[in-house]
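Inside the fold
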Amino acid sequence: MQIILIVDDVPPSVDVLRNFLSAHGFGVRRTINGQKAIELASQIKPDIILMDSMMPVMHGWEATAILKAREDTKHIPIITIGEGMEEHQEKALAAGCDDLLVKPIKLPELLEKINNLLSQKRKQDA
């Protein structure tokens, strides 16, 4: 089973994502801020990370930059989920995220992005 780490501090958003992804056969883990995401990603090595951009303790683009700089986590695809503000999107891309989604999330679009990144990852690993 492929594991997706959801990093978001808003429980209702997480519940929607968890239910949708679980229904599509993914295992889901969750944490509430960027700092905890770094710790958990190092431990569980998820197949993909869904990273909210604005969170307490550490924003998503800060956590993304750290994860992409570390040898043990740099290969994990990260989809940043954020507001449509151009500044946030620029920060996420500069940090090294692999894809972006703007809120409100369209679940079919999310699933397509996840499947595309997993397919790319399988090709790179082969």
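Turning to helix α5 (residues 107-125), a few remarks are in order. Every α-helix carries 3.6 residues per turn, so stepping three or four residues along brings you back to the same face. Counted at 1.5 Å a residue, the expected span for α5 with its 19 residues is 27 Å, and the 27 Å between its end C-alpha atoms agrees. Turning to α5, its buried residues are Leu 110, Leu 111, Lys 113, Ile 114, Leu 117, Leu 118 and Lys 121. End-on view of α5: buried residues confined to an arc of 160 degrees, all on one side of the axis. Among the exposed residues of α5, those pointing more than 90 degrees away from its buried face are Pro 108, Glu 112 and Lys 123. Packed against the buried residues of α5 are β1 (3-7), α1 (11-23), β3 (48-52), β4 (78-82) and β5 (99-102).

Turning our attention to unusual backbone geometry. The omega torsion of the bond from Lys 103 to Pro 104 falls at -5 degrees, within 30 degrees of zero and hence cis. The phi torsion at Lys 45 lies on the positive side, around 50 degrees, for a residue other than glycine. You will see that Val 57, though not glycine, has its phi angle at about 70 degrees, which is positive. Relative to the elements of secondary structure, Val 57 occurs in the loop between β3 and α3 (60-69).

Conventions used here
Residues numbered from 1 in each chain as written. Predicted model: local features only at pLDDT ≥ 70, side-chain atom pairs only at ≥ 80, totals over all residues. Heavy atoms only, no water. Helix = DSSP H or I, 4+ residues; strand = E, 2+ residues; numbered from the N terminus. Expected span 1.5 Å × (residues − 1). Buried < 20%, exposed > 50% of the residue type's maximum accessible area, 1.4 Å probe, protein only. Arc of directions from axis to C-beta. Contact = heavy atoms within 4.5 Å.

Any link to function would need more than the numbers given here.
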